[in-house]
Amino acid sequence: RIERHGVNRIYEEFGFYGAPTVGVAIVDNGVFESEIDYLSQGRGDFSAEGYVRPLGASESDGPHPQPYDLFGLLQFIEGMYRHGTIQTTLVYTMAPHINFKSVRGAPFVFWFMPSQFQGAVDSILALAEDPTVRVISSSMGTIIHVHEIERAIEYFNAKGKLYFSAAGTSMPYLKEVVKVVFPASLSSTISVTGIKSTVETGGEFILGRDAHGGPETDFVVDHSDDSSQAVSTTAGMVGLLWSYNPSLTREQVQDVLVSSSSNYQATGRKDPVFGWGKVDVYSAFLKVKGLSVNGMIDEPEGKNYQRVK
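A few points on the structure. Because the structure is a prediction, the values reported are computed rather than measured.

## Topic: a nonpolar patch on the surface
And then number 1: A contiguous nonpolar surface patch, about 620 Å² in accessible area, is contributed by Phe 110, Phe 112, Met 113, Ile 143, Ile 144, Val 177 and Val 178.
And then number 2: With respect to the helices, strands and loops of the structure, Phe 110 is situated in the loop between strand 3 (99-104) and helix 5 (114-129).

Structure below.
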């Protein structure tokens, strides 16, 4: 993924791995305590917080995954149990020198209980007030519309920040029916999904094995079976770009992402399944460097451009 999106060229040509001026928060089921030393090795700061309150409890159960989640079954579903740790590591890989934070916002990646909704709301509102965080990467979602979460995301955005959400991950027959899940379906989020390796498909965009897609999708990540991998990778790339020039507004960052994307470069339009396509992060980085000089993005003429959602 680093090579397919041009991140390696930023590392190699500019020696830039992010800076601790911008923070990305990974809202998931938490990160294992045993992984914290590794995730704290970068020059940025790493911290972990928890907002999940067990039934009847008045305080959070902490920032780490809990073995009793999902009626005690989560520990037997290794991928889900390690989900927050995996997503945090992906952000770290893309931009190891930014500030980033693991947030236990729900006990399970699929929201289906009011207590899970509340943990998500509490975490989003807290991150909106956190001056170190500008980006949320959320791999969690549901098939119903939760108005409290929608309002929390709108409040987060009003603080000049960006909320990236996974389009959805499930079995092949379900993804054709469900399409893009909440909150990635909202216009207030930037929806990301995964596509199969374009090296193997001859450049054709094909949804990853378990990845959802639809008209609400904004971007895709190459060589990703699911949308969780894709959204964490994208949030890390955005943290890398934004940390180079933290004076950029959320609108400018959105414009850079769109104008550097494969579908914008090819047609100037969004695809009904793959959105703006892949982001060329190297091209985006050059635009961010240019904004440091003139403060404007030089858009190609004659293209039917519209900002992400």
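The discussion continues.
## Notes on the side chain of Lys 101
And then number 1: Topologically, Lys 101 is positioned in strand 3.
And then number 2: On the basis of relative accessibility, which here comes to 8%, the residue Lys 101 falls in the buried class.
And then number 3: Reaching out from Lys 101, the side chain makes a polar contact with the side chain of Glu 49 at a distance of 3.4 Å.
And then number 4: Dropping the residues within four chain positions of it, Lys 101 is found in contact with Val 24, Ala 25, Ile 26, Phe 46, Ser 47, Glu 49, Leu 127, Asp 130 and Thr 132.

## A short note on the nonpolar core
And then number 1: Ranked by size, the top nonpolar core spans 47 residues in total, and within it Phe 100, Phe 164, Val 238, Trp 242 and Leu 257 carry the most contacts.
And then number 2: Ranked by residues supplied to this core, first place goes to helix 8 (residues 227-244) with 8 residues.
And then number 3: Look past the residues within four positions of Leu 257 in its chain and what remains in contact with it is Phe 164, Phe 219, Val 238, Leu 241 and Val 279.
And then number 4: Core analysis: the next-biggest nonpolar cluster, separate from the first, contains 22 residues, Ala 25, Val 103, Ala 128 and Phe 182 among them.

## Notes on helix 9 (residues 250-259)
And then number 1: The buried count for helix 9 comes to 8 of 10 residues, which makes it a mostly enclosed element.
And then number 2: Burial in helix 9 covers these residues: Arg 250, Val 253, Gln 254, Asp 255, Val 256, Leu 257, Val 258 and Ser 259.

## Comments concerning helix 8
And then number 1: If you check helix 8, its first and last C-alpha atoms are 26 Å apart, about what 18 residues at 1.5 Å a residue would give, namely 26 Å.
And then number 2: Extensive coverage of helix 8 is indicated by the burial of 17 of its 18 residues.
And then number 3: Where helix 8 begins, the side chain of Asp 226 points an oxygen toward the backbone nitrogen of Ser 228, at a separation of 3.0 Å.

## Let's talk about the sheet that holds strand 5 (residues 162-166)
And then number 1: Pairing within the open sheet is parallel, and its 7 strands lie in the order 2-3-1-4-5-6-7. This sheet does not close on itself; its edge strands, each paired only once, are strand 2 (46-50) and strand 7 (219-222). Between one strand axis and the next, the sheet turns through 25 degrees on average, direction left out of account.
And then number 2: Across the sheet, helix 8 touches strand 1 (23-28), strand 4 (133-138), strand 5, strand 6 (190-195) and strand 7, and the angle it forms with strand 5 is around 160 degrees.

## A word on the packing of helix 8 against helix 9
And then number 1: In contact at an axis separation of 11 Å, helix 8 and helix 9 are set at 120 degrees when each is read in the N-to-C sense. It follows that helix 8 is oblique to helix 9 by the angle criterion. Judged by the sense of rotation from one axis to the other, the crossing of helix 8 with helix 9 is right-handed. Seen from helix 8, the contacting residues are Val 238, Leu 241 and Trp 242; seen from helix 9, they are Arg 250, Val 253 and Leu 257.
And then number 2: Here the contact of helix 8 with helix 9 is built from residues that sort into 5 nonpolar, no polar and 1 charged.

## Here we look at the side chain of Gln 116
And then number 1: Structurally, Gln 116 can be placed in helix 5.
And then number 2: Those residues within four positions of Gln 116 in sequence are excluded, and the remaining contacts are Gly 105, Ala 106, Pro 107, Phe 108, Phe 110 and Trp 111.

## Details of the packing of helix 5 against helix 6 (residues 147-158)
And then number 1: The interhelical angle for the contact between helix 5 and helix 6, taken along N-to-C directions, is 10 degrees, at an axis separation of 9 Å. As summarised for this structure, helix 5 and helix 6 are arranged roughly parallel, according to the angle between their axes. Between helix 5 and helix 6, the residues in contact are Phe 117, Ala 120, Val 121, Ile 124, Leu 125, Leu 127, Ala 128 and Glu 129 and Glu 148, Ile 149, Ala 152, Ile 153, Tyr 155 and Phe 156, respectively.
And then number 2: Grouping the constituent residues of the contact of helix 5 with helix 6 by class yields 12 nonpolar, no polar and 2 charged.

Parameters and conventions
Within every chain, residues take consecutive numbers counted from 1 along the sequence as written. In keeping with the predicted nature of the model, local features appear solely for residues at pLDDT of at least 70, side-chain atom pairs appear and are counted solely at 80 or more, and the whole-chain, interface and lining totals rest on all residues. Only heavy atoms go into the side-chain values, all of them from the structure, while hydrogens and water stay out. Note on patches: the residues involved have over 30% relative accessible area and no salt bridge, like charges join within 9 Å, and the nonpolar side chains Val, Leu, Ile, Met, Phe, Trp and Tyr join within 5 Å. Note on areas: these come from Shrake-Rupley sampling with a 1.4 Å probe, and a residue is covered only by the protein chains present in the view. Salt-bridge detection follows one rule: a side-chain nitrogen of Lys or Arg within 4 Å of a carboxyl oxygen of Asp or Glu. Comment: elements are numbered from the N terminus, with helices defined as DSSP H or I runs of at least four residues and strands as E runs of at least two. Exposure categories follow from relative accessible area, calculated using a 1.4 Å probe and restricted to protein chains: below 20% of the type maximum is buried, above 50% is exposed, and the middle band is partly exposed. Pairing of N or O atoms within 3.5 Å defines a polar contact, subject to two protein rules: one partner must be a possible hydrogen donor and the other a possible acceptor, and residues neighboring in sequence count only if both atoms are side-chain atoms. By definition in these notes, contact holds between two residues if any of their heavy atoms fall within 4.5 Å. As used here, the term nonpolar core means buried Ala, Val, Leu, Ile, Met, Phe, Trp, Tyr and Cys residues forming a set that is joined through side-chain atoms within 4.5 Å. Expected helix span is given by 1.5 Å per residue-to-residue step, counting one fewer step than there are residues. Only strands joined by at least two bridges in the DSSP assignment are considered to pair. Note on geometry: axes are lines fitted to C-alpha atoms, helical ones only across the stretch in contact, with angles between N-to-C directions running from 0 to 180 degrees. With respect to orientation, any angle under 35 degrees is reported as roughly parallel, any angle over 145 as roughly antiparallel, any angle of 65 to 115 as roughly perpendicular, and every other angle as oblique. Two helices that cross are described as forming a left-handed crossing if the nearer one is turned anticlockwise from the farther one by less than a right angle, and a right-handed crossing if clockwise. Ten residue types, Ala, Val, Leu, Ile, Met, Phe, Trp, Tyr, Cys and Pro, are classed as nonpolar, four, Asp, Glu, Lys and Arg, as charged, and the remainder, Gly among them, as polar.

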